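If you want the building blocks of each chain, they are given just below.
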Protein chains: 4
Amino acid sequence: MSEQQKPLALVVGAGPGLGDALLDRFASGGYQAIGYARNSRQSVNDQDILSVDLQNIDETEDAVQHLLATYGVPKVIVHNPAKLIIDPLAETTIDGFEAAWQSMVLSAFVIAKSALPAMVDAGGGSFLVSGATASLRGGGRFAAFASAKFALRGLTQSLAREFQPKGIHVAHMILDGILDTNASRKLHNLPTEKMMQTDAVAQTYWDIAHQPKSVWTHELDLRPSTEGF
Amino acid sequence: MSEQQKPLALVVGAGPGLGDALLDRFASGGYQAIGYARNSRQSVNDQDILSVDLQNIDETEDAVQHLLATYGVPKVIVHNPAKLIIDPLAETTIDGFEAAWQSMVLSAFVIAKSALPAMVDAGGGSFLVSGATASLRGGGRFAAFASAKFALRGLTQSLAREFQPKGIHVAHMILDGILDTNASRKLHNLPTEKMMQTDAVAQTYWDIAHQPKSVWTHELDLRPSTEGF
Amino acid sequence: MSEQQKPLALVVGAGPGLGDALLDRFASGGYQAIGYARNSRQSVNDQDILSVDLQNIDETEDAVQHLLATYGVPKVIVHNPAKLIIDPLAETTIDGFEAAWQSMVLSAFVIAKSALPAMVDAGGGSFLVSGATASLRGGGRFAAFASAKFALRGLTQSLAREFQPKGIHVAHMILDGILDTNASRKLHNLPTEKMMQTDAVAQTYWDIAHQPKSVWTHELDLRPSTEGF
Amino acid sequence: MSEQQKPLALVVGAGPGLGDALLDRFASGGYQAIGYARNSRQSVNDQDILSVDLQNIDETEDAVQHLLATYGVPKVIVHNPAKLIIDPLAETTIDGFEAAWQSMVLSAFVIAKSALPAMVDAGGGSFLVSGATASLRGGGRFAAFASAKFALRGLTQSLAREFQPKGIHVAHMILDGILDTNASRKLHNLPTEKMMQTDAVAQTYWDIAHQPKSVWTHELDLRPSTEGF
């Protein structure tokens, strides 16, 4: 099957951790997988990752138009950018507060607005969104991050209620734990079994993206077996 | 592989709808699958369904002891009894209120208390619980059913927090829709695509029961794509 | 105004801590205030506290019938029994699990069923229920208590949705902290400012019981300013 | 008592409905009450309402600095701007999506950041935030509004956890119904008893703002007795 004939999966926020794992899982499952990230690169298994600054609305809109024109209509979109800010209010800047919302919420709105109508016309698909512990709980130094993750959850619910009857499965994945990536290994010094393996997370996204229409999950949580909650 | 060597799955509340589908899914996946239901019978694919009155504590405890002695320690338990009561308060009897709680909550407590320690000793497993729309919302004529389903959710969370660090994955599956069964077809007169297919639901239970330890889901919802929520 | 002409407030679970404070607040606000507790006594300000074993359904039903016949129809009922059980599953007995549910959930159901229709006929009133941290979170050693408190919350929501349109304000008060009572001072050794003052809690119940019909609160939380959550 | 000596209450988003009622309630309770609204005016009882464009960060920051310099440190801040947008995704503009977030979320962040440290230094106070039905549920045509109201709830939780131990009571008031204002009477054609009276809502804000430190409410809902939920 040529790339042209494969279904298309777009991973927005395709960083070196979960982003790569998602691209690999969809590619190995028969998709053409494309990523958006701050810096263009090839994923570990050679999927294209295009440079998109998700805080820039115009650039994000253009990127979706380019995708639709060049690669076609996605069957699956995963929205996965993370802009973690953990600071007391006095040290949380207005710029940081805005950047968290722009990159994680406004980008999801712009991409949904740009791509979902075409996906409806093409017969449906899936729109999966990465949440976090802070999607459900506004912790004491999480003013920027929790506010943005709450916003993203509200947006995702609204999209589910508008678009599920039109054939787009919209799901909110709550990642309640630390992903096992090179970056987090340096940062947290946790034993491996206390972290979420990115390929296992990606497998869950795959399963949810392919649920039959009679049993669509809107929200689920994921955490290591040893994680307190 | 003989039945003795297969892992064991117990489906509590193995009615003709989802119960059969769960037994079949686990049997076809290589498990010895056993059911508990009010009336003993063979499932459609010949798994044993034993007669247990889940409102009777002693009988339920005995059934678990019998299972452990005869079939061994379960790898997976699915708790799935449903006692639906929809009535205004004036017509909800004390007997009905108690029966809903005994069959759906007390039975889960007794079975967890009887089986989980053995499962921990045997190296872990999964304990999956069927919730409903009424697990999250106490509707106007759902005093008995919602109260019991809320109770079951609280119990399930508590079990997760105590037993996940010991290797038992505890998950709460929120079934937010009508299952497509013979009974519900007569009752609701819904088109098939508005109902949840029991084999698709069972597949989700299977997926959750087999998540790797780094990504355990505690709670998810399931509903048809066309279901309002 | 004679006792006969005063509105009637019933406090179910009128222990020496919050029970007394509630009886006092309603008495000082012009109510005839009556309590139910395990042992009959006079409250600190001389309100009658009648002996009722809330785990005993028949006794509880009889107590409500006696109240209606002798004192008249309540304007306000506060449901406040607490049966705290904190134990790992292995040490949580079936008796304890049942007792928690009977005293905190079944008693609320029986009292609502016995009294709400008369309150509707008498022109309305308030039914306030004491929740706890465990109403929203099933902690690791709270299988019995959290399960019962979840159940009570589901029941309370259902009662609100059925009875608010009929003029009964139903509210769920989440007490997220330690009440400052003689018993808890011995148990917890907390500084006073880390505990909830019972007269302040009772004042909030009073405020909620007297909200005008255009702004009824169904659920609120209460905790000391210093309490983590 | 001169205005200088009175405690100061600031109502952000002081429109002609709930804004006026809040200014009046705090003024009649002995506060100097000041409002921010798009257009400067006098409230019905002559409190100053200053012109502030809450979508403009610099203007909002300047307004708080002006307030602190001219009127002193607030004892109470109520954050109440509403920017209702109800549209399908295709008709929700990027400008509208941003405006909802700027006026309802970013403004709360900027005002909290500008005023809370001074309030802490001055010995404490209250910061009350107006939520809505859409704070808890992202409805099908509420992408902009629900996303912003979810964000505001997450921010408010974070502020509560950071600032309550420092003496600032932070509360989230969920207004689950239509306020009875001139504007909503024209819009909804509801009977009066189906709407929330603004003076009754304001009284609840007053009560919450003056709870003693041992019983602070973080979140409550308010709705007419006849409102479905």
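The numbers attached to residues start from 1 for each chain and follow its sequence in the written order. Chains and ligands are labelled sequentially in the order written, the chains with letters from A and the ligands with numbers from 1. At least 70 in pLDDT is required for a residue's local features to be given in this predicted model, at least 80 for side-chain atom pairs to be given and counted, and no such filter applies to totals for whole chains, interfaces and linings, which use all residues. The side-chain figures draw on all heavy atoms in the structure; neither hydrogens nor water molecules are used.

Helical segments are the DSSP runs of H or I of at least four residues, strand segments are the runs of E of at least two, and each set is numbered from the N terminus. Within chain A, the secondary structure is distributed over six helices and eight strands. Shown N-terminal to C-terminal, the secondary structure of chain A runs as helices and strands in the order β-α-β-β-β-α-β-α-β-α-β-α-α-β. Throughout, the radius of gyration refers to the C-alpha atoms, and the reference size of a globule is 2.2 Å times the residue count to the power 0.38. What you see for chain A is a C-alpha radius of gyration of 17 Å, in line with the 17 Å of a compact globule of 229 residues. Its C-alpha atoms put chain A at 50 × 35 × 35 Å along the principal axes.

Each axis is a line fitted through C-alpha atoms, taken for helices only over the stretch in contact, and angles between the N-to-C directions span 0 to 180 degrees. With their axes 7 Å apart at the nearest point, helix H4 (residues 143-163) of chain B and helix H4 (residues 143-163) of chain C run at an angle of 150° to one another. Taken together, the axes of H4 of chain B and H4 of chain C lie roughly antiparallel to each other. In this structure, H4 of chain B meets H4 of chain C at a crossing whose hand is right-handed. Each of Ala 143, Ala 146, Ser 147, Phe 150, Ala 151, Arg 153, Gly 154, Leu 155, Gln 157 and Ser 158 of chain B in H4 of chain B lies in contact with H4 of chain C, whose residues at this interface are Ala 143, Ala 146, Ser 147, Phe 150, Ala 151, Arg 153, Gly 154, Leu 155, Gln 157 and Ser 158 of chain C. Under the scheme applied, nonpolar residues are Ala, Val, Leu, Ile, Met, Phe, Trp, Tyr, Cys and Pro; charged residues are Asp, Glu, Lys and Arg; polar residues are all the others, including Gly. Among the residues forming the contact of H4 of chain B with H4 of chain C, the class breakdown is 10 nonpolar, eight polar and two charged. Any angle between 65 and 115 degrees counts as roughly perpendicular, while under 35 counts as roughly parallel, over 145 as roughly antiparallel, and the rest as oblique. For any pair of crossing helices, the crossing counts as left-handed if the nearer helix is rotated counterclockwise from the farther one by less than a right angle, and right-handed if it is rotated clockwise. By the convention used here, residues are in contact when the closest approach between their heavy atoms is within 4.5 Å.

Our focus in this paragraph is the relation of the copies chain C and chain B. Each copy superposes on the other: chain C lies on chain B with an RMSD of 0.0 Å after a rotation of 180° and an axial shift of 0.0 Å. Such a combination of turn and shift is consistent with a two-fold rotation axis. Taking C-alpha positions as reference, the residue of chain C nearest the rotation axis is Ala 151 of chain C, located at 2.2 Å. Comparing interface residues between copies, 100% of those in chain C also sit at the interface in chain B, which points to an isologous, same-surface contact. The least-squares superposition of copies is restricted to C-alpha atoms, and to residues with a pLDDT of at least 70 in both copies.

Let's shift gears to the nonpolar core. With 95 residues, the main nonpolar core has Phe 127 of chain B together with Phe 127 of chain C as its most contacted residues. Here Phe 127 of chain C is in contact with Ile 77, Ala 108, Ile 111, Ala 112, Leu 116, Leu 159, Ile 168, His 169, Val 170 and Ala 171 of chain C, once residues within four sequence places are set aside. Buried Ala, Val, Leu, Ile, Met, Phe, Trp, Tyr and Cys residues form a nonpolar core when they are joined through side-chain atoms within 4.5 Å. The buried label applies to any residue whose accessible area, calculated with a 1.4 Å probe on protein chains only, is under 20% of its type's maximum; exposed applies above 50%, and partly exposed to all values in between. With 94 residues, the next largest nonpolar core counts Met 119 of chain A together with Leu 8, Val 64 and Ile 168 of chain D among its residues.

With that settled, the discussion passes to the confidence of the model for chain A. What pLDDT expresses is the predictor's confidence in each residue, scored from 0 to 100. A residue-level look at chain A finds 98% of positions with pLDDT of 70 or above and a mean pLDDT of 95. Reported confidences for the modelled complex are a pTM of 0.97 and an ipTM of 0.96.

Take the side chain of Asn 80 of chain D next. Residue and element names in this part refer to chain D. In this fold, Asn 80 is placed in the loop between strand S5 (76-79) and helix H3 (94-121). When its relative accessible area of 11% is taken as the criterion, Asn 80 is described as buried. N or O atoms closer than or at 3.5 Å make up a polar contact, with two conditions inside protein: a donor-capable atom paired with an acceptor-capable one, and, for residues adjacent in sequence, both atoms drawn from side chains. In terms of polar contacts, Asn 80 uses its side chain to reach the backbone carbonyl oxygen of Gly 13, at 3.1 Å. Apart from residues lying up to four places away in sequence, Asn 80 is in contact with Val 12, Gly 13, Leu 18, Gly 19, Leu 22 and Ser 130.

Attention now goes to the pairing of strand S5 (residues 76-79) of chain A. Remark: a regular strand shows side chains that alternate across the two faces of the sheet. Residues and elements named next belong to chain A. What you see with S5 is no split at all: Val 76 and Val 78 on one side and Ile 77 and His 79 on the other are buried throughout. Two strands qualify as a pair provided that DSSP identifies no fewer than 2 bridges between them. Where strand S1 (residues 8-12) lies against S5, four bridges are found, and the strand directions are parallel. Looking at the pairing, Val 11 lines up with Val 78 of S5. Pairing of S5 with strand S6 (residues 125-132) involves four bridges; the strand directions are parallel.

Attention now moves to H4 of chain C. Helix span, as expected, comes to 1.5 Å for every residue beyond the first. Compared with the 30 Å implied by 1.5 Å per residue over 21 residues, the 30 Å span of H4 of chain C between its first and last C-alpha is a close match. Burial analysis of H4 of chain C places 21 of its 21 residues in the buried class, the great majority of the element.

Right, let's get into the packing of aromatic side chains. Aromatic pairs are defined between Phe, Tyr and Trp rings, using the six-membered ring for Trp, whenever the two ring centres lie within 6.5 Å; interplanar angles under 30 degrees are classed as stacked, those over 60 as edge-to-face, and all others as tilted. Under the definition given, this model contains 26 aromatic pairs over all chains. Seen from their ring centres, Tyr 31 of chain A and Trp 206 of chain A are 5.6 Å apart, and the 80° between their planes marks the pair as edge-to-face. Pair noted here: Tyr 31 of chain A is in the loop between helix H1 (18-28) and strand S2 (32-37) and Trp 206 of chain A is in helix H6 (residues 198-209), with a separation of 175 residues, a long-range link. Each of the two residues, Tyr 31 of chain A as well as Trp 206 of chain A, counts as buried. Here Phe 109 of chain B and Phe 97 of chain C contribute two aromatic rings whose centre-to-centre distance is 4.0 Å and whose plane-to-plane angle is 5°, an arrangement assigned as stacked. One end of the pair, Phe 109 of chain B, is in helix H3 (residues 94-121); the other, Phe 97 of chain C, is in helix H3 (residues 94-121), on a second chain. Of the two residues, Phe 109 of chain B and Phe 97 of chain C, both sit in the buried class. Taken together, Phe 97, Trp 101 and Phe 109 of chain A together with Phe 97, Trp 101 and Phe 109 of chain D form an aromatic cluster joined through their ring pairs. A ring is considered to have a charge above it if a Lys NZ or an Arg CZ atom is located within 6 Å of its centre and within 35 degrees of its normal. Against the face of Phe 229 of chain B rests Arg 161 of chain A, its NZ or CZ located 4.3 Å from the ring centre.

Turning our eyes to something else, we now look at the packing of helix H3 (residues 94-121) of chain A against H3 of chain D. H3 of chain D packs onto H3 of chain A with a crossing angle of 150° between their chain directions and a minimal axis gap of 12 Å. The angle between H3 of chain A and H3 of chain D falls in the class roughly antiparallel. Between H3 of chain A and H3 of chain D the crossing geometry is right-handed. On H3 of chain D, the residues that touch Ile 94, Phe 97, Glu 98, Trp 101, Val 105, Leu 106, Phe 109 and Val 110 of chain A of H3 of chain A are Ile 94, Phe 97, Glu 98, Trp 101, Val 105, Leu 106, Phe 109 and Val 110 of chain D. By residue class, the composition of the contact of H3 of chain A with H3 of chain D is 14 nonpolar, no polar and two charged.

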